[in-house]
Protein chains: 2
Amino acid sequence: MKEIQTKILLGDSKDILKTIEDNSIDLIITSPPYADSRIKTYGGIHPNDYVKWFLPITKELLRVLKSTGTFILNIKEKVVNGERHIYVLNLIIEMRKQGWLWTEEFIWHKKNAYPGKWPNRFRDSWERLLQFNKSKKFKMYQEEVMVPMGDWAKDRLRHLSDRDKTRDNSKSGSGFGKNVSHWLKRDKVYPTNVLHLATECNYKNHSAAFPETLPEWFIKLFTLENDWVLDPFVGSGTTLFVAQRMRRNSIGIDIVPEYYEMVKKKINPIDNYLL
Amino acid sequence: MKEIQTKILLGDSKDILKTIEDNSIDLIITSPPYADSRIKTYGGIHPNDYVKWFLPITKELLRVLKSTGTFILNIKEKVVNGERHIYVLNLIIEMRKQGWLWTEEFIWHKKNAYPGKWPNRFRDSWERLLQFNKSKKFKMYQEEVMVPMGDWAKDRLRHLSDRDKTRDNSKSGSGFGKNVSHWLKRDKVYPTNVLHLATECNYKNHSAAFPETLPEWFIKLFTLENDWVLDPFVGSGTTLFVAQRMRRNSIGIDIVPEYYEMVKKKINPIDNYLL
DNA sequence: GTTCCGCATGAATCGATAG
DNA sequence: ACTATCGATTCATGCGGAA
């Protein structure tokens, strides 16, 4: 079994990405700092400057991605002056000019949206998961993310589903459901482009931008074991931990030293011990 | 009780809208012909020409809408050449230049999406419901669309923690300004901006763009009885029938004579009989 | 061992107030 | 007039301790 590498790099993605080889990454998945938010940690990019700030980074991402690879961008526009700002729309348009293909837009339906009440809007309970590709012939392993057909099917297959589950959700991450028999697969259906996930709402620990199930789903869908995953705004490290568990090589970048140190300690503690 | 008017007009919205008074409509809700589809009925607008085709119409819609009114646009971009086309993004950007405010984007999650399988994408099970306004001070009747609390409440006996009841009271110290009655004995909550509606399997109608629950929800949310509702691409007439049932005045426009005749027969048959 | 209940908290937004 | 700060509002979830 090949050794899995998990790297965390400290610095500005715009610069650090330059050290990564051309056409070397299979999946980029990230949740960049949202405009004008996380002011304390990232400095807060103004919505009007957001596209200009992000485009040099997407240019590098385009370079390091394999032609068969995929870029998943988790983003949502803020309300500015009572309106949804259009920086995400402009970003998509500009990225296409760079050469990206805007293949699909998944919806992340956040089941536990932030509370609040306003006279003119409801709680925002969804975010965009934009899929970009370098070519039309990207790799996609649809069978890996098939879901049980429905509750009636779940009941009917309870014993077998349990066995399947232990493989599928195994935290050790060695091959999910690869050994599941064909007839069992027939009771599963392909998912849609709407993902229903709750945000992780930690009681005491600081939380991540997205729940582990989110990168897990896309890593299953777009990569195989020993493939390379990249998160240029890795933050608290969710993408790296999931990739490592699932036996994918991964690179995380973050500009905040505190995140860098925290992630470094948490990745691959066994290897550290052995060394 | 005031008489409710339900009008159906035959012709091109671009022209017919000119016969409607300035600032006279409370809610516009429509599902325009999608680019490159409905070829037999609408002539099939090519995605590249879509914005240019639609903008003269949105200009008229801006004129006829009251300053307190709302425009709900149900739309979804097609896949062209393996990519999501950007005409919807461009449309939003251009409509803002016309003076529209892009207040919000609701998601219509279609629970029973059209089946199918493709090698490089999953079933598309959502559409955009873009909310545009003429001014920030539009009317919104949020209480009309409140929904039952989530399942978690059932398990937890709907008992609110003391801290939730007093969280803000203790901060302000006055214990006076807060409306505690909102929290006590409450069983309903405000919805979010994600709507879960099944598409109607309607064999009888030619082209049911959306299920009745969709216009119903927005009519409840944005209008009162005797207000005026407009659908410039009324198709099989769903918007008109719902508006009439809910005692809202309404105007529907369609360019297809068959739709016009069909809708005309179905609206207010009692009045027709009396005449 | 279960179930029940209290508590903290989260990629938020509006309107008023202050500089 | 324009920008920065602050208080008020609100619901689903996971953890931890109690019954």
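What you see is a predicted model; the values in this text were computed from it and never measured. (Residues numbered from 1 in each chain as written. Chains lettered and ligands numbered in written order. Predicted model: local features only at pLDDT ≥ 70, side-chain atom pairs only at ≥ 80, totals over all residues. Heavy atoms only, no water.)

## Considerations on the interface of chain A and chain B
Taken together, the contact between chain A and chain B spans 46 residues of the former and 47 residues of the latter. Of all residues in chain A, Glu83, Trp102 and Phe122 of chain A bury the most surface against chain B, accounting for 19% of the area lost on that side. Connecting chain A to chain B are eight salt bridges. Seen at the junction of chain A and chain B, the total is 34 residue pairs in polar contact (both at pLDDT 80 or more). Taken together, the elements giving at least two residues each to the side of chain A that touches chain B come down to β5 (83–84), α4 (87–98), β6 (101–110), β7 (126–133), β10 (194–197) and α8 (213–222) of chain A. Considering every element that reaches the side of chain A that touches chain B, the biggest residue donor is β6 of chain A, with eight residues. Looking at side-chain class alone, the side of chain A that touches chain B contains 21 nonpolar, twelve polar and 13 charged residues. (Contact = heavy atoms within 4.5 Å. Buried area = accessible area lost by both parts, 1.4 Å probe. Salt bridge = Lys/Arg side-chain N within 4 Å of Asp/Glu carboxyl O. Polar contact = N/O pair within 3.5 Å; in protein donor to acceptor, adjacent residues only side chain to side chain. Helix = DSSP H or I, 4+ residues; strand = E, 2+ residues; numbered from the N terminus. Nonpolar A, V, L, I, M, F, W, Y, C, P; charged D, E, K, R; others polar.)

## A look at α8 of chain A
Given 3.6 residues per helical turn, the α-helix brings residues three or four places apart onto the same face. Along α8 of chain A, nine of the ten residues are buried, which leaves the element largely enclosed by surrounding structure. When we look at burial in α8 of chain A, the residues that qualify are Leu214, Pro215, Glu216, Trp217, Phe218, Ile219, Lys220, Leu221 and Phe222 of chain A. (Buried < 20%, exposed > 50% of the residue type's maximum accessible area, 1.4 Å probe, protein only.)

## Details of the relation of the copies chain A and chain B
Once turned by 180° and shifted 0.0 Å along the axis, chain A lies on chain B with an RMSD of 0.2 Å. Interpreted geometrically, this transformation is the action of a two-fold axis. Among all residues of chain A, the one whose C-alpha sits closest to the rotation axis is Leu89 of chain A, at a distance of 2.9 Å. Of all interface residues in chain A, 100% are interface residues in chain B too; the two copies therefore contact each other through one and the same surface. (Least-squares fit on C-alpha atoms with pLDDT ≥ 70 in both.)

## A short note on the sheet that holds β10 of chain A
Residue and element names in this part refer to chain A. A sheet is described by the order of its strands in space; here eight strands give the open sequence β1-β12-β11-β2-β3-β7-β6-β10, paired in mixed fashion. Since the sheet does not close on itself, it has two edges, and those belong to β1 (6–10) and β10, each with one partner. In this sheet, adjacent strand axes meet at a mean angle of 20° when their direction is disregarded. Where β1 and strand β12 (residues 249–254) come together, five bridges link them in parallel fashion. Pairing of Leu9 across the sheet is with Ile253, part of β12. In this fold α8 packs onto β2 (25–30), β3 (65–75), β6, β7, β10 and β11 (228–231), with an angle of close to 160° to the strand it touches most, β2. (Pairing = 2+ DSSP bridges. Axes fitted to C-alpha atoms, helices over the stretch in contact; angles between N-to-C directions.)

## A word on the packing of helix α7 (residues 213–222) of chain B against helix α8 (residues 238–245) of chain B
Residues and elements named next belong to chain B. For the pair α7 and α8, interaxial distance at closest approach is 9 Å and the crossing angle is 45°. As summarised for this structure, α7 and α8 are arranged oblique, according to the angle between their axes. When you trace α7 past α8, the crossing you get is right-handed. Counting all contacts with α7, which are made through Pro215, Glu216 and Ile219, the residues of α8 involved are Thr238, Thr239, Val242, Ala243 and Arg245. (Parallel < 35°, antiparallel > 145°, perpendicular 65-115°, else oblique. Left-handed = near helix turned anticlockwise from the far one by under 90°.)

## A word on the environment of Val79 of chain B
All names here are of chain B. By the element assignment, Val79 lies in strand β4 (residues 79–80). According to the relative accessible area criterion, Val79 is partly exposed, its value standing at 32%. Residues Val79 and Pro47, 32 residues apart in the sequence, show an inter-C-alpha distance of 9.8 Å. Dropping the residues within four chain positions of it, Val79 is found in contact with Arg84 and Arg121.

## A closer look at the pattern of salt bridges
Tallying each qualifying case throughout the model produces 35 salt bridges over all chains. Where Glu60 of chain A meets Arg63 of chain A, a salt bridge forms, and the shortest distance between an N and an O atom there is 2.8 Å. In this pair, Glu60 of chain A and Arg63 of chain A are both assigned in helix α3 (residues 50–64), three residues apart and thus about one turn of the helix distant. On the accessibility criterion, Glu60 of chain A (12% relative accessible area) is buried. Two residues, Glu212 of chain B and Arg245 of chain B, come together in a salt bridge whose shortest N-O distance is 2.8 Å. Separated by 33 residues along the polypeptide, Glu212 of chain B in the loop between β10 (194–197) and α7 and Arg245 of chain B in helix α8 bring together distant segments of the chain. What emerges from the salt-bridge pattern is a single network uniting Glu77, Glu105 and Arg128 of chain A together with Glu77, Glu105 and Arg128 of chain B.

## Structural notes on helix α9 (residues 257–266) of chain B
Tyr259, Tyr260, Met262 and Val263 of chain B are the residues of α9 of chain B that are buried. The inward-facing, buried residues of α9 of chain B contact β1 (6–10), α8 and β12 (249–254) of chain B.

## Some points on the confidence of the model for chain A
Averaged over every residue, the pLDDT of chain A is 85; the share at 70 or more is 80%. For the stretch residues 151–183 of chain A, pLDDT sits under 50, and the model shows 32 contacts to residues farther than four places along the chain or on other chains. (pLDDT = per-residue confidence, 0-100.)

## Some points on the side chain of Arg128 of chain A
Inspection of the secondary structure puts Arg128 of chain A in strand β7. Here Glu77 of chain A takes part through its side chain, which lies 2.5 Å from a polar atom of the side chain of Arg128 of chain A. There is a polar contact of 2.8 Å between the side chain of Arg128 of chain A and the side chain of Glu105 of chain B. If we ignore the near neighbours within four places in the chain, the residues touching Arg128 of chain A are Leu73, Asn74, Ile75, Glu77, Val88, Glu105 and Phe106 of chain A together with Trp102, Glu105 and Arg128 of chain B.

## A closer look at the sheet that holds strand β3 (residues 65–75) of chain B
Residue and element names in this part refer to chain B. Strand order in the open sheet formed by eight strands is β1-β12-β11-β2-β3-β7-β6-β10, with mixed pairing between adjacent strands. In this open sheet, the two strands that pair with only one neighbour each are β1 and β10. Between one strand and the next, the sheet's axes are offset by a mean angle of 20°, whatever the strand orientation.

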